[in-house]
Every structure is written in C-alpha cells, then in structure tokens.
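Descriptive structure summary
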Amino acid sequence: MWRNTSTGWGWTSILLHWLSALAFVGLFVLGWWMTGLGYYDAWYNLAPWWHRSLGMLVFAVTLGRLVWRAVQPTPSLPGSRLERLAAHVGHIALYALMLLVLVSGYLISTAEGAGIDVFGLFQVPALMTGLPNQASLAGTVHWYAALALMVLAGGHGLVAFKHHWVDRHDTLMRMLTPRYTRARRRGGSASH
C-alpha cells in the first residue's frame with residue numbers, strides 16, 4: 001500500500017518521513033561539525049560540498065513530499081480537538097522550518113553568483129544573488145532555523161512517544177507500517 005488512506009499512511013509517506021528525518025538530522029550534524037574545521041583540515045572544502053549537495057537533494061525531496069501530501073488524504077488523528085489542532089500547527093511549523101532552512105542554505109551558497117554543484121552530476125543555478133549581506137543574513141537565518149527545526153523535531157518525537165506509551169494511540173505505529181491499525185494492535189484483524 002503506497003498511497004495514504006483515511007486510516008493510515010502509505011509506504012510513500014512513511015519513507016519520505018523517515019528519510020527526511022535522517023537527512024535533516026544528518027545535515028544538521030554535518031553543518032555543525034564543518035563550522036569548526038580549520039583551513040588546513042582535509043575536510044575544509046569537502047564537507048561544505050557534501051552539505052550543499054545533500055541539501056539540494058533534500059530540497060527536491062521536500063518539495064516532492066509537499067506535493068505528495070497535498071494530493072493524498074491525511075489519516076485521521078486521535079485525541080482531543082485541541083491535540084489535533086496542535087498537531088496540525090506543529091506540522092505546518094515543521095514544514096515551514098524545513099523550507100526556511102533549505103532556502104536560506106541555497107541563498108548562502110549562491111550569494112556570489114555561482115550555482116551549486118550537486119555531486120558533480122548537475123548544477124543548481126544561482127537565481128537570486130547580490131542582495132546586501134546575502135550570505136551573512138542567510139547564514140544567520142539558516143543556523144537559527146536549523147536549530148529551531150531540531151528542537152521542534154525533537155518535540156515531535158517526544159509527543160509521538162507520549163501518544164504511544166501514555167495515550168495508547170496508534171499514531172507512532174501508523175508511521176512505521178501502513179498496515180497497522182488500532183484493531184491489529186488489540187490483536188484483531190487489520191482493516192484497510
């Protein structure tokens with residue numbers, strides 16, 4: 001089951017969710033690590049190249065993820081009306097921060113007018129350059145947006161565990177397999 005239903009996420013949404021999570025955490029760790037590299041370090045030029053290349057691929061996947069989410073049904077959420085509203089606002093904030101991190105990273109990398117080489121396979125052109133203090137301002141936005149994204153994503157994970165262990169909802173399990181439903185959790189047969 002690759003597509004979403006009103007009761008659960010499909011494999012496409014599940015894979016995009018977990019790959020995005022791994023990619024953003026990996027890019028955050030790589031970005032933090034590379035800012036401490038010295039000029040004579042062997043990774044001084046290579047780490048930013050990897051960071052930019054991966055960032056552009058994640059940008060493309062994120063845009064695809066947004067399109068996929070727009071054309072697929074969103075499974076119903078358990079919990080009170082306030083909890084469902086908080087989940088909705090939280091997801092909007094996560095997507096907004098993901099886009100802010102990616103766009104600001106792009107603006108840092110293209111500030112001098114050069115495109116971004118993606119693993120030597122293709123070039124992403126510099127569409128917006130020459131803004132006053134572009135690299136510096138975009139760098140500040142990039143750092144704080146990435147930090148906020150990590151904090152919000154950590155909170156997102158904690159809430160998922162709260163739903164699983166405290167509330168006994170199937171929210172977490174539905175993001176692990178599309179065939180999981182509340183009936184299956186109780187030992188009954190799964191409905192699709």
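Please refer to the structure placed before this passage.
Here is a short report on the structure shown in this document. Per-chain numbering applies: the sequence of each chain, read as written, is numbered from 1 onward. Restriction of local features to residues with pLDDT of at least 70 applies here, the model being predicted, together with a cutoff of 80 or more for giving and counting side-chain atom pairs; totals for whole chains, interfaces and linings are based on all residues. Hydrogens and water molecules were not included; the side-chain quantities draw on all heavy atoms of the structure.

**Focus on unusual backbone geometry**
A positive phi is found at F119, a non-glycine position, where the angle reads about 55°. Put simply, DSSP marks the helices as runs of H or I at least four residues long and the strands as runs of E at least two long, and each gets a number from the N terminus on. Within the secondary structure, F119 sits in the loop between β1 (116–118) and β2 (122–124). Of note in the backbone geometry, R168 takes a positive phi value of approximately 60° without being a glycine. Mapped onto the fold, R168 is located in the loop between α4 (134–165) and α5 (171–174).

**Notes on the pattern of salt bridges**
Here a salt bridge means any side-chain nitrogen of Lys or Arg lying within 4 Å of a carboxyl oxygen belonging to Asp or Glu. Here the structure, examined in full by the defined rule, presents three salt bridges. The partner of D167 in a salt bridge is K162, and the shortest N-O contact between them spans 2.7 Å. Here's how the labels work: a residue is buried when its accessible area is under 20% of the maximum for its type, exposed when over 50%, partly exposed in between, all with a 1.4 Å probe on protein chains only. A residue is classified by how much of its surface remains accessible, and K162, at 33% relative accessible area, is partly exposed. Between R174 and D170 there is a salt bridge, and its shortest N-O distance comes to 3.7 Å. Residue R174 is classed as buried on the basis of its relative accessible area of 5%. Look at the salt bridges and you will find they share partners, linking E83, K162 and D167 into a network.

**Examining the side chain of Q72**
Residue placement: Q72 occurs in the loop between α2 (46–71) and α3 (81–109). The exposure class of Q72 is buried, given its relative accessible area of 6%. Of the polar contacts made by the side chain of Q72, one reaches the backbone nitrogen of N4; its length is 2.8 Å. Here, residues are in contact when the closest pair of their heavy atoms is within 4.5 Å. When near neighbours in sequence (up to four residues on either side) are disregarded, Q72 contacts R3 and N4. N or O atoms within 3.5 Å of each other form a polar contact, as long as, within protein, one can give a hydrogen and the other can take it, and as long as residues adjacent in sequence are counted only when both atoms are side-chain atoms.

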